[in-house]
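# Fold and geometry: a report
Here is how the chains run, residue by residue.
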Amino acid sequence: MAKLVADTSQFVLVTINDAVGLKRRDAEDSDAVFVDFCAPALSYRATSAVKQQGLSKAVGIKGALRPRVLDATAGFGKDAYLLASQGCRVTLFERDPLVCALLRDGIARARGTSDPSLAETLARMALIEGDFLSHSADGEWDVVYLDPMFPESKKSARVKKDMFALQEHLGAADDGEQMWLRACEVACKRVVVKRSKSAPLISAAKPDIQYKGTSSRFDVYLTPK
Ligand SMILES: C[S@@+](CC[C@H](N)C(=O)[O-])C[C@H]1O[C@@H](n2cnc3c(N)ncnc32)[C@H](O)[C@@H]1O
């Protein structure tokens, strides 16, 4: 039985079996989405070199090189988790309080398991609740990673359930270019922007490198710009 934790206009945070979930006010409990770092699909991606290729190359993982990453748009923390599982230190910014609550809960539940490799990965992740655009971020990062919510095309049927809920809850962002400009100021080496494969560029500037996957692509801008 779900217990109500927080209430915004359309979406509510609930606890179901001790996990914090996000769901539409009128939806079934079974429609709630969670941050789950133990999910088999995520574990599979974390151990599959092929599945990680685009992301790893885009941030500059090579040999023993493990860049320090600021993930300015943490969301469900999956990309941050994949990078941390490869040895990168990742600072996650998330500005939405409900999404941040999901992330905190997901991290706490994963820490509660007895898996040592999961614990090692989580120890490389630091979550900050706040807006990347207004936060005077203390620290040095080689890479700033951006995955803003872009408006979905008709192919949105392919969007996973958790991302679909996030899109419905947050709507599409329109501050992409501002995010990119700020990211270029902060990143010591590169800014990486994740886009759906056919989405327009985030700014008028052309990326220095692009890595294309089946549904998404990574645009890499070498800094300083
Ligand atoms: C598409 S989701 C990111 C998904 C994420 N890459 C993952 O792997 O789960 C975008 C997220 O960025 C957050 N966001 C957008 N702009 C932000 C900003 N300026 N500062 C912090 N978080 C931001 C949104 O609230 C949303 O949760």
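This text goes with the structure placed above it.
Residues numbered from 1 in each chain as written. Predicted model: local features only at pLDDT ≥ 70, side-chain atom pairs only at ≥ 80, totals over all residues.

## A word on the overall build of the protein
Across its full length, the protein carries seven helices and 10 strands. Relative to the 2.2 N^0.38 estimate, which gives 17 Å for 225 residues, the radius of gyration of the protein is 17 Å and therefore close to what a compact globule would have. Principal axes of the C-alpha set define a box for the protein whose edges measure 50 × 40 × 35 Å. Counting all 225 residues of the protein, 34% fall into the buried class. (Helix = DSSP H or I, 4+ residues; strand = E, 2+ residues; numbered from the N terminus. Rg over C-alpha atoms; globule rule 2.2 N^0.38 Å. Buried ≥ 20, exposed ≤ 12 C-beta atoms within 10 Å, placed from the backbone.)

## Description of the sheet that holds strand β6 (residues 125–129)
Taken together, the seven strands give an open sheet; going across it, the order is β6-β5-β4-β7-β8-β10-β9, and neighbouring strands pair in mixed fashion. Lying at the two open borders of the sheet, with one neighbouring strand each, are β6 and β9 (209–212). For this sheet the average axis-to-axis angle between neighbouring strands, irrespective of direction, equals 20°. As paired strands, strand β8 (residues 187–196) and strand β10 (residues 216–222) are joined by seven bridges and run antiparallel to one another. Bridging across to β10, V192 finds its partner in V220. (Pairing = 2+ DSSP bridges. Axes fitted to C-alpha atoms, helices over the stretch in contact; angles between N-to-C directions.)

## A closer look at the site of the ligand
The immediate surroundings of the ligand are formed by 22 residues, with T73, G75, F76, K78 and R95 found nearest. Taken together, the elements giving at least two residues each to the shell around the ligand come down to α3 (78–85), β5 (90–94) and α6 (161–170). When its residues are assigned to classes, the shell around the ligand shows 12 nonpolar, three polar and seven charged. (Near = placed C-beta within 6 Å. Nonpolar A, V, L, I, M, F, W, Y, C, P; charged D, E, K, R; others polar.)

## Focus: the pairing of strand β2 (residues 11–16)
A regular strand carries its side chains on alternate faces of the sheet. Bridging between β2 and strand β3 (residues 19–24) involves six bridges; their strand directions are antiparallel. Paired with I16 across the strands is A19, a residue of β3.

## Quick look at the nonpolar core
With 52 residues, the main nonpolar core has V59 and V144 as its most contacted residues. With near-sequence residues (within four places) excluded, V144 lies in contact with L70, A72, A183, V186, A187 and V191. (Core = buried A, V, L, I, M, F, W, Y, C linked by C-beta atoms within 7 Å. Contact = placed C-beta atoms within 7 Å.)

## Some remarks on the packing of helix α1 (residues 40–47) against α3
Where α1 contacts α3, the axes come no closer than 9 Å and their chain directions differ by 40°. The angle between the axes of α1 and α3 places the two elements in the oblique class. You can see that α1 and α3 cross each other, and the crossing is right-handed. Residues L42, R45 and A46 of α1 pack against K78, Y81, L82 and S85 of α3. Class assignment for the residues of the contact of α1 with α3 results in four nonpolar, one polar and two charged. (Parallel < 35°, antiparallel > 145°, perpendicular 65-115°, else oblique. Left-handed = near helix turned anticlockwise from the far one by under 90°.)

## Side note on helix α7 (residues 176–186)
Of all the residues in α7, the buried ones are G176, M179, W180, R182 and A183. Viewed end-on, α7 has its buried residues packed into an arc of 170°, placing them on one side of the element. Among the structural elements, β7 (141–146) and β8 are those in contact with the buried residues of α7. (Arc of directions from axis to C-beta.)

## A short note on the packing of helix α4 (residues 97–111) against helix α5 (residues 116–123)
In the contact formed by α4 and α5, the axes pass within 9 Å of each other and the chain directions differ by 145°. At the point where α4 passes α5, the crossing takes the left-handed sense. Only L118, A119 and L122 of α5 make contact with α4, whose side of the interface consists of I107, A110 and R111. Here the contact of α4 with α5 is built from residues that sort into five nonpolar, no polar and one charged.

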